[in-house]
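# Reading the structure
Below, each chain spelled out in residue letters.
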Amino acid sequence: MNGPERAEKDRAHMRAALALAARRLGETWPNPAVGCVIVGAEGRVVGRGATAPGGRPHAETEALAMAGAASRGASAYVTLEPCCHTGQTPPCTGALIEAGIARVVVALRDPDPRVNGAGIDALRAAGIAVEEGVLADEAADLAAGFVSVVTRGRPLVTLKLASTLDGRIATRAGESQWITGEPARRAAHALRGRHDAVLVGVGTLLADDPRLTCRLAGYRARPLVRIIADSHLRTRMTASVLSSIALGPVWFLIHDRTDTARKQAFAALGARLLPLPGAEAGVDLAAGLRALGQAGITRLLVEGGAQLAAALLRDDLVDRLAWFHAPTVMGGDGWPAAQGFGVAHLAAMPRFSRRAVTLIGDDVLSEFERFA
Ligand code: AOF
Ligand code: ZN
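Because the structure is a prediction, the values reported are computed rather than measured.

Moving on, we come to the pattern of salt bridges. Counted according to the given criterion, the structure contains 16 salt bridges. Residue Arg-11 is joined to Glu-8 by a salt bridge in which the shortest nitrogen-to-oxygen separation is 2.8 Å. Of the two residues, Arg-11 and Glu-8 both sit in helix α1 (residues 3–22), three residues apart, roughly one turn of that helix. We classify Arg-11 as partly exposed; its relative accessible area is 31%. Of the charged contacts in the structure, one is a salt bridge between Asp-316 and Arg-370, with a shortest N-O distance of 2.6 Å. Of this pair, Asp-316 sits in the loop between α12 (306–314) and β13 (320–325) while Arg-370 sits in strand β16 (residues 363–370), and the two are 54 residues apart along the sequence. Residue Asp-316 is classed as partly exposed on the basis of its relative accessible area of 39%. On the accessibility criterion, Arg-370 (28% relative accessible area) is partly exposed. Several salt bridges converge on common partners, so that one network encompasses Asp-141, Arg-320, Arg-355 and Glu-369.

Take a look at the structure:
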């Protein structure tokens with residue numbers, strides 16, 4: 001095989017590894033979703049793996065188990081540098097060396113300070129040929145949540161909104177079901193499926209009483225974490241999130257001076273409370289996100305409402321936008337997608353760059369990321 005031919009094969013196998021990892025998005029926290037493909041010396045795929053729900057076993061372990069003896073002399077394609085630390089599991093570098101892997105192709109370095117190049121060094125020291133940077137951008141996109149926690153101490157934040165063309169999410173009287181059509185709502189559920197946790201403000205919870213689960217059949221093996229920003233625990237004890245707590249964890253971002261009896265009652269129902277410092281009016285969201293990062297959440301989907309959206313935009317805490325637009329116009333009587341957050345001149349607006357536009361039924365999903 002000549003150089004360009006080999007490079008094309010490498011990209012094809014890495015694409016397959018990325019696809020394996022993508023299916024585990026939302027399920028592996030606090031670990032990243034990693035994919036691994038093992039290709040025998042004669043060019044046939046002999047092993048496939050992805051990080052298991054819950055984060056372990058790692059992708060390499062699964063792929064090596066599937067390949068068995070066929071991994072001797074084979075090439076391994078991994079979307080993230082193999083780990084070389086003994087954590088909850090023995091290091092993947094050791095497993096790859098022991099299995100007799102001859103060549104490892106890595107998309108992205110693991111920014112975890114315990115790894116960060118040391119995995120690649122360990123493989124090379126054992127005589128394995130290592131290639132880095134194959135489809136690195138795609139791998140970085142896939143690992144963005146994990147990288148965010150490691151480098152910024154907080155999850156990747158995607159704000160999802162569903163509005164009319166003029167950005168209204170409800171009528172003055174609060175009628176909001178439904179602005180977008182059924183296919184768009186299904187797509188929004190699929191979005192939940194690729195996140196570790198969903199966050200809403202208490203206003204939305206009191207108004208809509210959502211269950212916040214991911215109801216697409218077979219979508220995930222590990223439930224979505226449901227989080228409510230509710231500084232003074234105004235959530236009703238009869239709320240759907242609480243009565244459905246058996247379907248998945250429910251966490252509250254609360255003010256650290258919230259009433260003790262109220263805290264005890266919520267904890268008794270099985271809710272996890274994350275106390276935060278902050279002004280009386282609301283929780284300190286930057287601190288809230290740090291607490292979520294510490295708790296292991298890497299990919300957070302925020303579903304409103306208007307007050308939470310405004311607070312996150314004001315503090316520049318939104319990394320990505322997933323905005324569904326319905327082909328309707330409500331006018332100024334309706335509720336805006338985000339409350340005012342102090343923009344006095346154009347230069348003060350947070351700016352986003354477009355990632356994708358998808359037509360879904362009669363609606364449009366536009367995805368953006370924060371302009372770097
Ligand atoms: C890999 N393959 O599939 C994943 C990796 O606590 P542990 O032992 O499970 O290790 C977690 C760390 O391993 C995590 O912080 C990240 O650096 C790496 N994730 N590594 O070789 C995998 N998910
Ligand atoms: Zn590992």
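Back to the text.
All right, on to the side chain of Thr-158 then. Positionally, Thr-158 belongs in strand β6 (residues 156–163). Exposure remark for Thr-158: the relative accessible area of 7% places this residue in the buried category.

So, about the domain arrangement of the chain. In terms of domain boundaries, the chain breaks down into domain 1 (3–144) and domain 2 (154–370). With 11 residues of domain 1 at the contact, the number on the domain 2 side is 17 residues. At the surface where domain 1 touches domain 2, the tally comes to two salt bridges. Among the salt bridges present, the one from Arg-355 reaches Asp-141, with a minimum N-O distance of 3.1 Å. The interface formed by domain 1 and domain 2 includes six residue pairs in polar contact (both at pLDDT 80 or more). Of the residues in the side of domain 1 that touches domain 2, the class split is six nonpolar, three polar and two charged.

This part is about the site of ligand 1. Around ligand 1 sit 19 residues, and of these Arg-56, His-58, Ala-59, Glu-60 and Asp-110 come closest. In the model, a nitrogen atom of ligand 1 is placed 3.1 Å from a nitrogen or oxygen of the Pro-32 main chain. A distance of 2.8 Å separates an oxygen atom of ligand 1 from a polar atom in the backbone of Ala-59. For ligand 1, whose free accessible area comes to 520 Å², the fraction covered by protein is 96%. Here the residues of the shell around ligand 1 are counted per class, giving seven nonpolar, seven polar and five charged.

What follows concerns the coordination of the zinc ion (ligand 2). Octahedral metal centres with six donors ideally show angles of 90 or 180 degrees, and tetrahedral centres with four donors ideally show 109.5 degrees. The zinc ion (ligand 2) binds to the protein through His-58 (ND1), Cys-83 (SG) and Cys-92 (SG); the donor distances cover 2.0 to 2.2 Å. Each of the four donor atoms bound to the zinc ion (ligand 2) contributes to angles spanning 97 to 119°, and the resulting shape is tetrahedral. Spacing between the donor residues of the zinc ion (ligand 2) along the chain follows H-x24-C-x8-C. Placement of His-58 in the loop between β2 (45–50) and α2 (59–67) and of Cys-83 in the loop between β3 (75–78) and α3 (92–98) is noted, with a sequence separation of 25 residues between them. Among the residues examined, His-58 registers a relative accessible area of 15% and is labelled buried.

The amide bond that connects Arg-56 to the next residue, Pro-57, takes the cis arrangement and shows omega of -5°. Tracing the chain through its elements places Pro-57 in the loop between β2 and α2. In this structure, the amide linkage connecting Gln-177 to the following residue, Trp-178, adopts the cis form with an omega of 0°. Looking at where Trp-178 falls in the secondary structure, it is placed in the loop between β7 (168–170) and α7 (182–193). One non-glycine residue, Leu-135, adopts positive backbone phi at about 55°. Along the chain, Leu-135 falls in the loop between β5 (129–132) and α5 (136–142). Overall, Leu-135 belongs to the buried group, its relative accessible area being 11%. With phi around 60°, Leu-212 is a residue other than glycine that occupies positive phi space.

Let us now look at the environment of Pro-327. Note that Pro-327 resides in the loop between β13 and β14 (335–336). With a relative accessible area of 53%, Pro-327 lands in the exposed category. Considered as a pair, Pro-327 and Ala-16 are 311 residues apart in the sequence and their alpha carbons are 37 Å apart. When neighbours within four sequence positions are excluded, Pro-327 is seen to be in contact with Leu-165, Asp-362 and Asp-363.

Moving on, we get to the sheet that holds β6. The mixed open sheet is built from nine strands, whose spatial order is β11-β10-β9-β8-β12-β6-β13-β16-β15. Only two strands of the sheet have a single neighbouring strand rather than two, namely β11 (272–276) and β15 (352–360). Ignoring strand direction, the axes of neighbouring strands in this sheet form an average angle of 20°. Together, β6, β12 (299–302) and β13 form the strand contacts of helix α6 (residues 144–152), whose direction differs from that of β6 by roughly 130°. Contacting β6, β8 (197–201), β9 (225–229), β12 and β15, α12 crosses the sheet at an angle of about 105° to β8.

Calculation notes
Residues numbered from 1 in each chain as written. Chains lettered and ligands numbered in written order. Predicted model: local features only at pLDDT ≥ 70, side-chain atom pairs only at ≥ 80, totals over all residues. Heavy atoms only, no water. Salt bridge = Lys/Arg side-chain N within 4 Å of Asp/Glu carboxyl O. Helix = DSSP H or I, 4+ residues; strand = E, 2+ residues; numbered from the N terminus. Buried < 20%, exposed > 50% of the residue type's maximum accessible area, 1.4 Å probe, protein only. Domains from an automatic or database assignment. Contact = heavy atoms within 4.5 Å. Polar contact = N/O pair within 3.5 Å; in protein donor to acceptor, adjacent residues only side chain to side chain. Nonpolar A, V, L, I, M, F, W, Y, C, P; charged D, E, K, R; others polar. Near = heavy atom within 4 Å. Areas by Shrake-Rupley, 256 points an atom, 1.4 Å probe, with all protein chains shown as cover. Donors = N, O, S within 2.8 Å, 3.2 Å for Na, K, Ca; no water. Tetrahedral: all angles 85-135°; square planar, octahedral: opposite > 155°, others 65-115°. Pairing = 2+ DSSP bridges. Axes fitted to C-alpha atoms, helices over the stretch in contact; angles between N-to-C directions.

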